Amino acid sequence: MTATTTDREHKCGIMVVDDQPANLKLLEDMLRLKGYHVRSFPRGRLALTAAANQPPDLILLDINMPGMNGYQVCEELKTHQELSRIPVIFMSALNQTEDKVKAFRSGAVDYITKPFQFDEVNARVETHLQLHRLEQVLRLHSEHLEETVRARTQDLVEAHGRLKVLDRAKSDFLNLISHEFRTPLNGLLGVGELILDEVSSTAEGQELRDMFEESRRRILTILEDALLLTQIEVEAERFAPKAICLASVLSAAIERTAEFAASCKVTIEPPPAVVGCVLGVEDLLVKALHALLETAVKFSIAGDPVRLVCQPVSGAIQVGIESRGSRIPAAALGRFFELFSIGEAITPNGDLGLGPPVACRILALFGGSVTVENREPSGMQLVATFRRV
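To keep things clear, this report deals only with the structure shown in the data block. (Residues numbered from 1 in each chain as written. Predicted model: local features only at pLDDT ≥ 70, side-chain atom pairs only at ≥ 80, totals over all residues. Heavy atoms only, no water.)

Overview of the pattern of salt bridges
Two side chains of opposite charge can pair, provided their charged atoms sit close to one another.
Working step 1: Evaluated as defined, the whole model comprises 15 salt bridges.
Working step 2: Where aspartate 29 meets lysine 25, a salt bridge forms, and the shortest distance between an N and an O atom there is 2.6 Å. Of this pair, aspartate 29 and lysine 25 are both found in helix H2 (residues 21-33), four residues apart, which corresponds to roughly one turn of the helix.
Working step 3: Aspartate 29 sits in the partly exposed class, given a relative accessible area of 34%.
Working step 4: Given a relative accessible area of 48%, lysine 25 falls into the partly exposed group. (Salt bridge = Lys/Arg side-chain N within 4 Å of Asp/Glu carboxyl O. Helix = DSSP H or I, 4+ residues; strand = E, 2+ residues; numbered from the N terminus. Buried < 20%, exposed > 50% of the residue type's maximum accessible area, 1.4 Å probe, protein only.)

Remarks on empty space enclosed by the protein
Working step 1: Per the stated rule, a full pass over the model turns up one cavity of 30 Å³ or more.
Working step 2: Here the largest cavity is characterised by a volume of approximately 40 Å³.
Working step 3: Taken together, Met15, Val17, Ala47, Leu48, Ala51, Ile59, Leu61, Val73 and Leu77 make up the full set of residues lining the largest cavity.
Working step 4: Residue assignment for the lining of the largest cavity shows that the elements contributing at least two residues are strand S1 (13-17), helix H3 (44-53), strand S3 (58-62) and helix H4 (70-77).
Working step 5: Per-element accounting of the lining of the largest cavity gives the leading share, three residues, to H3.
Working step 6: Here the residues of the lining of the largest cavity sort into nine nonpolar, no polar and no charged. (1 Å grid on protein atoms, 1.4 Å probe; cavity = no way out; pocket = protein on both sides within 12 Å on 5 of 7 lines; lining within 4 Å. Points joined across faces, edges and corners; volume = space filled by probe spheres on them. Nonpolar A, V, L, I, M, F, W, Y, C, P; charged D, E, K, R; others polar.)

With respect to the environment of phenylalanine 116
Working step 1: In this structure, phenylalanine 116 sits in the loop between strand S5 (110-113) and helix H6 (118-197).
Working step 2: Taking the C-alpha atoms as reference points, phenylalanine 116 and threonine 183, separated by 67 residues in sequence, lie 97 Å from one another.
Working step 3: Setting aside residues no more than four positions away along its own chain, phenylalanine 116 makes contact with Leu26, Leu27, Met30, Met91 and Val121. (Contact = heavy atoms within 4.5 Å.)

With respect to the packing of helix H9 (residues 282-298) against helix H11 (residues 355-365)
Working step 1: Interaxial distance between H9 and H11 falls to 8 Å at its minimum, and their mutual angle equals 145°. When you trace H9 past H11, the crossing you get is left-handed. Counted together, Leu284, Leu285, Lys287, Ala288, Ala291, Leu292 and Thr295 of H9 and Gly355, Pro356, Val358, Ala359, Ile362, Leu363 and Leu365 of H11 form the full contact between these two elements.
Working step 2: Its residues assigned to classes, the contact of H9 with H11 shows 11 nonpolar, two polar and one charged. (Axes fitted to C-alpha atoms, helices over the stretch in contact; angles between N-to-C directions. Left-handed = near helix turned anticlockwise from the far one by under 90°.)

Some thoughts on the side chain of aspartate 62
Working step 1: Counting through the fold element by element, aspartate 62 comes out in strand S3.
Working step 2: A residue is classified by how much of its surface remains accessible, and aspartate 62, at 5% relative accessible area, is buried.
Working step 3: A distance of 3.3 Å separates a polar atom in the side chain of aspartate 62 from a polar atom in the side chain of lysine 114.
Working step 4: Apart from the residues within four sequence positions on either side, aspartate 62 is in contact with Val17, Asp18, Asp19, Gly70, Phe90, Met91, Ser92 and Lys114. (Polar contact = N/O pair within 3.5 Å; in protein donor to acceptor, adjacent residues only side chain to side chain.)

Side note on the pairing of S3
Working step 1: Of all five residues that make up S3, five are buried, and the element is covered over most of its length.
Working step 2: The alternating pattern of S3 places Leu58, Leu60 and Asp62 on one face and Ile59 and Leu61 on the opposite face, and all of these are buried.
Working step 3: Note: S1 against S3, four bridges, orientation parallel. Bridge assignment links valine 17 to a residue of S3, and that residue is leucine 61.
Working step 4: The sheet contact formed by S3 and strand S4 (residues 88-92) spans four bridges and is parallel. By the bridge assignment, aspartate 62 is partnered in S4 with methionine 91.
Working step 5: As a crossover connection, the stretch from S3 through H4 into S4 is right-handed. (Pairing = 2+ DSSP bridges. Right-handed = clockwise from strand over helix to strand, strands pointing away.)

A closer look at the pairing of S5
Each regular strand carries side chains that alternate between the two faces of the sheet.
Working step 1: With four bridges joining them, S4 and S5 adopt parallel strand pairing. Bridged to methionine 91 within S5 is isoleucine 112.
Working step 2: You can see the chain leave S4, run along helix H5 (residues 97-105) and come back into S5, and the turn it takes is right-handed.

Details of the layout of surface pockets
Working step 1: A volume near 940 Å³ is recorded for the largest pocket.
Working step 2: Contributing to the lining of the largest pocket are 30 residues, with Glu214, Arg217, Thr221, Phe260 and Glu294 lying nearest its centre.
Working step 3: Those elements that place two or more of their residues in the lining of the largest pocket are helix H7 (203-234), helix H8 (246-263), H9 and H11.
Working step 4: With 10 residues, the single largest contributor to the lining of the largest pocket is H7.
Working step 5: Across the lining of the largest pocket, the residue classes tally to nine nonpolar, eight polar and 13 charged.

Points about the packing of aromatic side chains
Working step 1: Throughout the structure, instances matching the rule amount to three aromatic pairs.
Working step 2: Between tyrosine 71 and phenylalanine 90 the ring centres are 5.7 Å apart and the planes differ by 65°, which places this aromatic pair in the edge-to-face class. Placement of tyrosine 71 in helix H4 and of phenylalanine 90 in strand S4 is noted, with a sequence separation of 19 residues between them.
Working step 3: On the basis of relative accessibility, which here comes to 8%, the residue tyrosine 71 falls in the buried class.
Working step 4: Linked through ring pairs, Phe299, Phe336 and Phe337 together constitute an aromatic cluster. (Phe/Tyr/Trp six-rings, centres within 6.5 Å; stacked < 30°, edge-to-face > 60°.)

Honestly, that's just the spatial picture; any functional story needs more than this.
Below you can see the structure in the form of structure tokens.
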């Protein structure tokens, strides 16, 4: 036995309960030689009272005693929360199986048959004291862990509550800004149109009108896209998906992009026949494809067409959008779908705005995705993946 173990055992308190004074004296002497603090009682009721006042680390308990037998004492111990975990070892001359089974059912951890040998008693006492210590350590660790988990859970609940408030505030703020911004903007745009009506129909006048229309389109698009991005981030649950015909979504997106493509002298080739439905909200899917088509047009050189390729994949349908014009700079390729990451114009037809990140987040909202890569020897390709129904 190591010194550390002996030091710990010196502090252990053992209660011996037996109505035979000779047994009490024998056990007291032997256990004290091992350094235990021993208290002896000839009656079960006395032992219960003493245990309640000063709980021992282990109890050696006789079964056959007057007044209150060992089974009753053990069962009574187990009804008290502060005493229920004390290990009880029964000592008895009864050696039938049913006696032992009854002892264990009453809450005992072990059973020693009289007449006992002290080596056996000592071995069982050491074992159950060590188990009791380990159980106490484990319980303390468990209680500490539970308290830590409760504290962290409360922290997370509070943090989640704060985030919900901040998300709602952000959404409300953006809605407010959008509404308040549109009011003076409509006045400004209206005045601009009146002034442009007075401009002569010359080349310079038409250039001013084109600049005005392009600026108005970009401002309104940015407002709409910024509000949609916030709604997707904060209120994603409001967009309940359903089965949508992909062919009709493609047609609507191409039609919506046609005017811009024509202004860039770019054509969009008719898509191949698409069979199947995908998961989403129709207006949002049209918006996503429109943004990707417009992005491909911006990378196209005048006279070059934008080509669409559709193919089914496992559980999804992919739509490839290919342009045969400019390539994406290597520095911008990895952050192509990040918000405000590409502020400079990297295409022949202007900056990208919020189109790519809007499309990316719409597709992700419905279990899809979008990728981008450069083509050889020139051009780029966007691949939108839609979750198939």
